[in-house]
Amino acid sequence: MVSPYGSDSDSGSVDLQLSNLEGIKKDPNNFDLIDSDVSDTPGTSLKVVTENIIQSELEGPPGVIIIERLMNSIQNYLNGDRKGDLEKLTFLRSLSTLSRTLSYDETTESFIHEHISQILDAITMLIQQEPLHSLFSPVRQEVFIAITDLSYQDVNLLHGSEDRSDLFNVLIKSIITLPSIKTLNILQTVMPSGQYNTESLYRQTFQAFCEMLQCMVMQDPHLENLGRILEHMEPWLQSAKDHERERATVSMSQMLGCLSRHLNLQPPLQFQKLGNLVALMALLCGDPVEEVAQEAAEGTHYLLHITLRLKCITNDKRNRQSLKEAMKKCKEFLEICSIKQFYSNPFKIAQVFEVFLSPNELGQFIVTTLDGLKNLKHPCTQQSAGELLVTLVKSAETRFEKVSDIIGAICVRLPVISQPNARQQALSVVSLFISRPKYTDVVLNHLLFHPIPFDRHLSELWRTLDVDLPSTTWILWRLLRKLQKCHIVHQEKMDYVAVAATDALYEVFVGNKLQAATYRLFPQLLMALLIQVHHSIGLTMSDITIPNGVYTKQEVTSTSTPLSFAIQATKTLLLRTACWYEFDAMEKKKGWNLLEGENFHLEGVSLLAHALLEKHDILAHKVLYLLIPLLNRGNEKHRLTSAAFFVELFQSPLAKRLPSRYTITRLEEWLHHENQQFRVLSLKGIDNLLCHHQEKARPNIHLLAVNLFGDSIKKVKCKDKKDIEGQILESLIPLLLHLQDEDDAVAEESCRVLTICCQFLKWKLPREVYNKDPWHSNPSGIGVVCKFFEQKCRGKYNIMMQTMKYTQNHQVHLRRAAVLFTGLLAKYMDHSELRMKGTEWIEDVLRPLLHDSEPSVRIITSQALCRVQNAGVESEPRPVMCRLRNLFNYIHN
């Protein structure tokens, strides 16, 4: 019969058993692991040997003596000092032999369990003493055999505690990290040991290691050990060194093959890393080393059979039909795909396994595959990983659960994914997830946990978002809502989400992938960013509330502030929506500086609103309707910014359609607001109403606006007078012209309020103002009034421009008064200034009125044109020259 060490044994002779042991001590090279006649089933050689040992030889008094001697040998090693290779081998072989008596000898069982801690420490120290750069003794081999033999007797040294887990790590490292066989052979040539053939010893040692792993999984029907082995082997399966990766792959493939042939599963199954293992094997199938790819393909083939059995046991009866369909799909694939096709097309593995993987396992697959994208040495591995990612996500896009973990894994790994194609594929996974409404908020929340100011790698992600058109608006809307929610209540510190969302919007605008959605949501985006600008004034990055878990590893430049992010996002929004005129207007008139100033922010908002109304009235009208509900929402800064934009849009003809509760009533509320800025905005809004609300259908609007304006001036406090002087100057011409209004009530109220305004400005009105006769019947009197206002307003406000707006009014009375006043202004204003600006623009406005339906308007227009043309060619008369001319005429006559 065959002994455990490959020596012949004479049955019934205890002395011969002992002599065999002594012979092994003298000649360690006589210790063969695998007999040529033994099958390749792991542990078979050991089992055969064990079964062929005549138990009668170890039972009874002679057997007891052998067992005692084995125990003494082990005890001597544990307590001894001199521990050379011979002592180590004797200890390990004694331990291995003794382990085979555990099943029937209580003394052995008691001894092993009593000394298990010492044995564990001894093996750990023993393996740590083995050099990692060479292989000159069979100590490693004997360690693997001893652990295997103990495992067969349910004594496991490799799990159950941290120390045992550490030992497992050391064992794996001791074999995987050995130099390649070629290097080992060179070392033997350089440093010949004379005792062993290095290549043969390596192969036997490695096979012993593989059998140890196989024994661990065969003895575990719950697959708990498979998970432990994978946890320890994963780093080596992803090693950058080819020979290390090959050893890990071969050992895993053999283990899976053994498990596939001897599968005896029993619930509850503890293997929780199927997705992880599938991804690792799939990546290895695309390995650039052909031997690795072939071994991985074979292992993956075995893994598929294991998975089928696994799912049959764990599958819920309610999902039996889906399992049948998955089985059918898998069977069809296996019939048409050979092992070679497996490793040549790794993405097919994703297609086959996807139907069997649970949502949690799908997440494992993605995260593990992402690690393949970090493989800097092998671009083809990165390529395979990218294909696997995209294939799996597309195939199982609705079955993922822990999407946040997947997005987090991508964010963490982006800095180390170097290959452009692989990097783009990782980014495309984010696009696939975010485009599904089911995952949009989950993805956005996790991306915002990596704010771009602290993680610049994410700027590329936002810029390259590539989603289907129907999804673009939804994604941008959800991102916008996260910013808007930050403006609802006042906070001492700014929420990090506000800064993160603002910078994300900026990157989206720069990438311009969501262009259609940007146009569609322009009003909401513009107002949200302007409000964010208001909230950001005066803040630094230290004023942001950053909760635990938010990525803040990268330093932010000193020039980066919440305000700078909001301003750049607003600018980019205008540029991406072709609002060139508005952008230039803000540049030329220092509008951006106004927006950034705490005391001038509302002026900047008004400037932008005015420019938008001038060039893109359709967009302005959309903003107008959006603002109606916004005026009562959010905190005070939110409402102030909205109000500033709102009152500026009163200049739009569309504003006349708004119900009075949105205009007059709202302005009256602001007039009594405790915040001075609201009171100033109220006056400005009333002024705009006076200028732009003269439709016939609703004359009461104008009357109410005039009345409210007069009352508001009376209530202005002394400290606020300087702030509203501009609004009062703007209102003078509308009030003056409405003295000629066809509605007597409006004319009378305009006269009253005009008097209040001039008293506020400390002006004494000419008595001609109060003359109720039509202006065209008293041109000299209105000339006095015109001269008065031209002199008072010169250099303060352009009353010519404002007067000319009324020449297009639907009321004949106002249109006629405006034309008359325009001609008189041309007569009395500074002619040099008029010549410098030119009169063509005035003439262009007046000429169409030569064909007005009202004859009196045509006549007065003709006179006004003559005055304008004369003023454009004549210099302003000087008083001294006039007197000289009169004196000359007197002498001449």
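Please read all numbers here as calculations on a predicted model, not as lab measurements. (Residues numbered from 1 in each chain as written. Predicted model: local features only at pLDDT ≥ 70, side-chain atom pairs only at ≥ 80, totals over all residues. Heavy atoms only, no water.)

A word on the overall build of the protein
Piece 1. Regarding its fold elements, the protein presents 46 helices and two strands.
Piece 2. Counting every position in the protein, which comprises 893 residues, the buried fraction comes to 54%.
Piece 3. For the protein, the proportion of contacts with a sequence separation of at least 24, taken over those separated by at least 6, is 75%.
Piece 4. Entry remark: accessible area of the protein is about 39900 Å², with carbon and sulfur atoms responsible for 50%. (Helix = DSSP H or I, 4+ residues; strand = E, 2+ residues; numbered from the N terminus. Buried < 20%, exposed > 50% of the residue type's maximum accessible area, 1.4 Å probe, protein only. Contact = heavy atoms within 4.5 Å. Areas by Shrake-Rupley, 256 points an atom, 1.4 Å probe, with all protein chains shown as cover.)

Quick look at the layout of surface pockets
Piece 1. Of the volumes computed, that of the largest pocket is approximately 1400 Å³.
Piece 2. Contributing to the lining of the largest pocket are 38 residues, with Leu602, Glu603, Ser606, Lys684 and Gln727 lying nearest its centre.
Piece 3. Of all the elements in the fold, those that place two or more residues in the lining of the largest pocket are helix H32 (601–615), helix H34 (636–648), helix H36 (676–692), helix H38 (721–737) and helix H41 (799–805).
Piece 4. Counting residues per element, the lining of the largest pocket draws most heavily on H36, at nine residues. (1 Å grid on protein atoms, 1.4 Å probe; cavity = no way out; pocket = protein on both sides within 12 Å on 5 of 7 lines; lining within 4 Å. Points joined across faces, edges and corners; volume = space filled by probe spheres on them.)

Some points on the nonpolar core
Piece 1. If you look at the biggest cluster of nonpolar residues, it comprises 275 residues, and the most contacted ones within it are Phe209, Trp462 and Phe645.
Piece 2. Among the elements that line this core, the one with the most residues is helix H26 (residues 496–511), at eleven residues.
Piece 3. With residues up to four places along the chain from it excluded, the contact list for Phe645 reads Leu526, Met527, Leu530, Val605, Ala609, Leu612, Val623 and Leu627. (Core = buried A, V, L, I, M, F, W, Y, C linked by side-chain atoms within 4.5 Å.)

As for a nonpolar patch on the surface
Piece 1. Taken together, the side chains of Ile186, Val190 and Met191 present a nonpolar region at the surface, about 290 Å² in accessible area.
Piece 2. Inspection of the secondary structure puts Ile186 in helix H10 (residues 181–190). (Patch = residues over 30% accessible without salt bridge, like charges linked within 9 Å, V, L, I, M, F, W, Y side chains within 5 Å. Salt bridge = Lys/Arg side-chain N within 4 Å of Asp/Glu carboxyl O.)

Side note on the pattern of salt bridges
Piece 1. Under the definition given, this model contains 21 salt bridges.
Piece 2. Where Glu361 meets Lys311, a salt bridge forms, and the shortest distance between an N and an O atom there is 3.0 Å. Separated by 50 residues along the polypeptide, Glu361 in helix H19 (residues 359–372) and Lys311 in helix H15 (residues 290–314) bring together distant segments of the chain. We note that Glu361, like Lys311, is buried.
Piece 3. With a closest N to O distance of 2.7 Å, Glu790 and Arg794 form a salt bridge.
Piece 4. Using a relative accessible area of 8% as the deciding quantity, one classes Glu790 as buried.
Piece 5. For Arg794, a relative accessible area of 39% gives the class partly exposed.

Digging into unusual backbone geometry
Piece 1. A positive phi angle, close to 65°, is found at Asp154, a residue other than glycine.
Piece 2. Backbone geometry at Lys590 places phi at a positive 60°, although glycine is not the residue there.
Piece 3. Its location among the elements puts Lys590 in the loop between helix H30 (580–588) and helix H31 (591–596).
Piece 4. On the basis of relative accessible area, Lys590 is assigned to the exposed category, the value being 53%.

Comments concerning helix H39 (residues 744–760)
In an α-helix, one full turn covers 3.6 residues, which means residues spaced three or four apart are oriented alike.
Piece 1. Here H39 spans 24 Å end to end across 17 residues, near enough to the 24 Å set by a 1.5 Å rise per residue.
Piece 2. Extensive coverage of H39 is indicated by the burial of twelve of its 17 residues.
Piece 3. Taken residue by residue, H39 has Val746, Ala747, Glu749, Ser750, Cys751, Val753, Leu754, Thr755, Ile756, Cys757, Cys758 and Phe760 as its buried positions.
Piece 4. The distance from a side-chain oxygen at the start of H39 to the backbone nitrogen of Ala745 is 2.9 Å, and the residue carrying that oxygen is Asp743. (Expected span 1.5 Å × (residues − 1). Polar contact = N/O pair within 3.5 Å; in protein donor to acceptor, adjacent residues only side chain to side chain.)

Side note on the environment of Arg228
Piece 1. With respect to the helices and strands, Arg228 occurs in helix H12 (residues 224–237).
Piece 2. The spacing of Arg228 and His159 is 69 residues in sequence and 8.1 Å in space, taken between C-alpha atoms.
Piece 3. Once you skip the residues sitting within four places of it in the chain, Arg228 turns out to touch His159 and Phe168.

Considering the environment of Lys241
Piece 1. Assignment of secondary structure puts Lys241 in the loop between H12 and helix H13 (242–261).
Piece 2. Sequence separation between Lys241 and Lys377 is 136 residues; the distance between their C-alpha atoms is 9.1 Å.

Overview of the packing of aromatic side chains
Piece 1. Enumeration according to the criterion identifies 13 aromatic pairs in this entry.
Piece 2. Consider the rings of Tyr202 and Phe206, whose centres lie 6.0 Å apart with planes at 20°: the pair is stacked. On the criterion of helical spacing, the pair formed by Tyr202 and Phe206 is a turn pair, its members being four residues apart in helix H11 (residues 198–218). Residue Tyr202 shares its accessibility class with Phe206, and that shared class is buried.
Piece 3. Grouped by ring-pair contacts, the aromatic residues Phe144, Tyr202, Phe206 and Phe209 constitute a single cluster. (Phe/Tyr/Trp six-rings, centres within 6.5 Å; stacked < 30°, edge-to-face > 60°.)

Brief notes about empty space enclosed by the protein
Unoccupied space between atoms shows up once a probe the size of one water molecule is rolled over them.
Piece 1. One pass over the structure, following the stated rule, counts five cavities of 30 Å³ or more.
Piece 2. The space that makes up the second largest cavity amounts to roughly 80 Å³.
Piece 3. In terms of lining residues, the second largest cavity is bounded by Leu736, Leu739, Glu768, Val769, Asn771, Asp773, Pro774, Trp775, Asn778, Gly781, Ile782 and Val785.
Piece 4. It is helix H40 (residues 779–793) that provides the largest number of residues to the lining of the second largest cavity, a total of three residues.

Digging into H32
Piece 1. Along its 15 residues, H32 runs 22 Å from first to last C-alpha, staying within 8% of the 21 Å computed at 1.5 Å per residue.
Piece 2. With eleven of its 15 residues buried, H32 lies for the most part within the structure.
Piece 3. All of the buried residues in H32 are His601, Leu602, Gly604, Val605, Ser606, Leu607, Leu608, Ala609, Ala611, Leu612 and Leu613.

Considering the confidence of the model for the protein
Piece 1. Within the protein, residue pLDDT values average 82, and 86% of them lie at 70 or more.
Piece 2. Confidence drops under a pLDDT of 50 for residues 1–60, and excluding neighbours within four residues, the segment shows 97 contacts in the predicted structure.
Piece 3. Counting interchain partners and residues more than four positions distant, the pLDDT-below-50 stretch residues 876–893 has five contacts. (pLDDT = per-residue confidence, 0-100.)

A word on the state of the cysteines
Note: disulfide means a covalent bond formed between the sulfur atoms of two cysteine side chains.
Piece 1. Applying the stated criterion across every chain, the model contains zero disulfides.
Piece 2. Lacking any disulfide linkage, Cys215 is separated from the closest cysteine sulfur, that of Cys258, by 8.9 Å.
Piece 3. Among the residues examined, Cys215 registers a relative accessible area of 0% and is labelled buried.
Piece 4. Not engaged in a disulfide, the cysteine Cys793 finds its nearest cysteine sulfur in Cys758; these two sulfurs lie 8.6 Å apart.
Piece 5. A residue is classified by how much of its surface remains accessible, and Cys793, at 1% relative accessible area, is buried. (Disulfide = S-S within 2.5 Å.)

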